[in-house]
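Each chain is listed here by its residues.
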Amino acid sequence: VAPDLQKLVSQDLLETYFDIPVILNDSVLRFLNYYQNEGRGTMERGLQRSGRYLSLFRSIFRKEGVPMDLIYMAHVESLFKPYAYSRAKAKGIWQFISSTGRLYDLRIDWWIDERSDIIKSTQAAARHLKDLYANFKDWNLALAGYNAGARRIERVHRKHGHLDYWTMVKRRLLPRETRHYVPSILAVLIIYRQPEGYGFNVKPAKEIQFEKVTLKEQVDQ
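Described in the following lines is the structure provided in the data block.

The rules we used
Residues numbered from 1 in each chain as written. Predicted model: local features only at pLDDT ≥ 70, side-chain atom pairs only at ≥ 80, totals over all residues. Heavy atoms only, no water. Helix = DSSP H or I, 4+ residues; strand = E, 2+ residues; numbered from the N terminus. Rg over C-alpha atoms; globule rule 2.2 N^0.38 Å. Contact = heavy atoms within 4.5 Å. Areas by Shrake-Rupley, 256 points an atom, 1.4 Å probe, with all protein chains shown as cover. Lys, Arg positive; Asp, Glu negative; His and termini not counted. Charge placed at Lys NZ, Arg CZ, Asp CG, Glu CD. Axes fitted to C-alpha atoms, helices over the stretch in contact; angles between N-to-C directions. Parallel < 35°, antiparallel > 145°, perpendicular 65-115°, else oblique. Buried < 20%, exposed > 50% of the residue type's maximum accessible area, 1.4 Å probe, protein only. Patch = residues over 30% accessible without salt bridge, like charges linked within 9 Å, V, L, I, M, F, W, Y side chains within 5 Å. Salt bridge = Lys/Arg side-chain N within 4 Å of Asp/Glu carboxyl O.

What follows is about the overall build of the chain. Within the chain one finds 11 helices and 0 strands. Of the regular secondary structure in the chain, the N- to C-terminal order runs α-α-α-α-α-α-α-α-α-α-α. Here the C-alpha atoms of the chain give a radius of gyration of 18 Å, agreeing with the 17 Å that 2.2 N^0.38 yields for 221 residues. Counting only C-alpha atoms and orienting by the principal axes, one finds that the chain spans roughly 60 × 45 × 30 Å. Here the contacts in the chain between residues at least 6 apart in sequence split such that 60% fall between residues at least 24 apart. Here the chain displays about 12800 Å² of accessible surface, and carbon together with sulfur accounts for 48% of that area. Averaged over its 35 positive side-chain charges, the chain has a centre that lies 5 Å from the centre of its 25 negative ones.

As structure tokens, this is what we get:
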């Protein structure tokens, strides 16, 4: 990683207020470097598509009492795609598996899958994050729990004591994806808060506009 990047980010962290703890280490720097280079196209697509949803997501997270910086998780989860579907059968912008979606009152059946409902899924994501933080009292562990499942983090705590996220990463007590998940989110957050400073001049898409309509019979989407 170029020393100039580390210097730039260090100064940025001194001057920018974040509402979750943001640290700078080698893992975060590697993801910042990736998004500026090999992953530039992916970052640009996310920055562009996010314009449709950020205002809506901020209002929902604010209402639920969740740090608004966490809305940028959606870039890592799905690149802000409402119909994204993973190999693990997670769906939607917030990539809920069926069991977790139902836990937060999302309807998932043959007729409808509310994991792709941008309002209901975002409300569910905010509530899920709030519950994870109430459990772990640490946003890094809450994010790790969002990715790997709260039970996975709890098993590590029972076996090894109350370790923080970065110690778990160092000791390889988490799946590889989860070890990369938090630093990738922190890197994305840093870029989204000041994209021009990191070389991204992307015009965001227009904010989504919609109305709610009550239907008298089912329709195919």
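Structure's up, so let's keep going.
A separate point is the packing of helix H7 (residues 118-136) against helix H9 (residues 150-160). How two helices sit against one another is set out by the angle between their axes and by the gap between those axes. The geometry of H7 relative to H9 is characterised by a closest axis approach of 11 Å and an angle of 10° between their N-to-C directions. The orientation of H7 relative to H9 falls into the category roughly parallel. Along its contact with H7, which presents Leu132, Asn135 and Phe136, the element H9 presents Ala150, Ile153, Glu154 and His157.

Turning next to the side chain of His75. Position of His75 relative to the elements: it lies in helix H5 (residues 73-78). Contact partners of His75, with chain neighbours within four places excluded, come to Tyr35, Thr42, Met43, Gly46, Phe80, Val188 and Tyr192.

Another aspect to go through is unusual backbone geometry. Within the chain, Lys89 stands out as a residue other than glycine whose phi angle is a positive 65°. Looking at the secondary structure, you find Lys89 in the loop between H5 and helix H6 (98-103). Looking at Lys89, the relative accessible area reads 56%, which means it is exposed. At Asp105, a position not held by glycine, the phi torsion is positive, near 70°. Relative to the assigned elements, Asp105 resides in the loop between H6 and H7. Here Asp105 falls in the exposed class, since its relative accessible area comes to 63%.

Moving on: a nonpolar patch on the surface. A cluster of nonpolar side chains, Trp110, Trp111 and Ile112, forms an exposed patch at the surface whose accessible area comes to about 450 Å². On the accessibility criterion, Trp111 (58% relative accessible area) is exposed.

Right, let's get into the pattern of salt bridges. Throughout the structure, instances matching the rule amount to 7 salt bridges. For Arg193, the salt bridge identified is with Asp69, shortest N-O distance 2.9 Å. Here Arg193, found in helix H11 (residues 176-193), pairs with Asp69, found in the loop between helix H4 (54-64) and H5; they are 124 residues apart in sequence, far enough to count as distant. By sharing partners, the salt bridges in this structure join Lys91, Asp113 and Arg115 into a single network.

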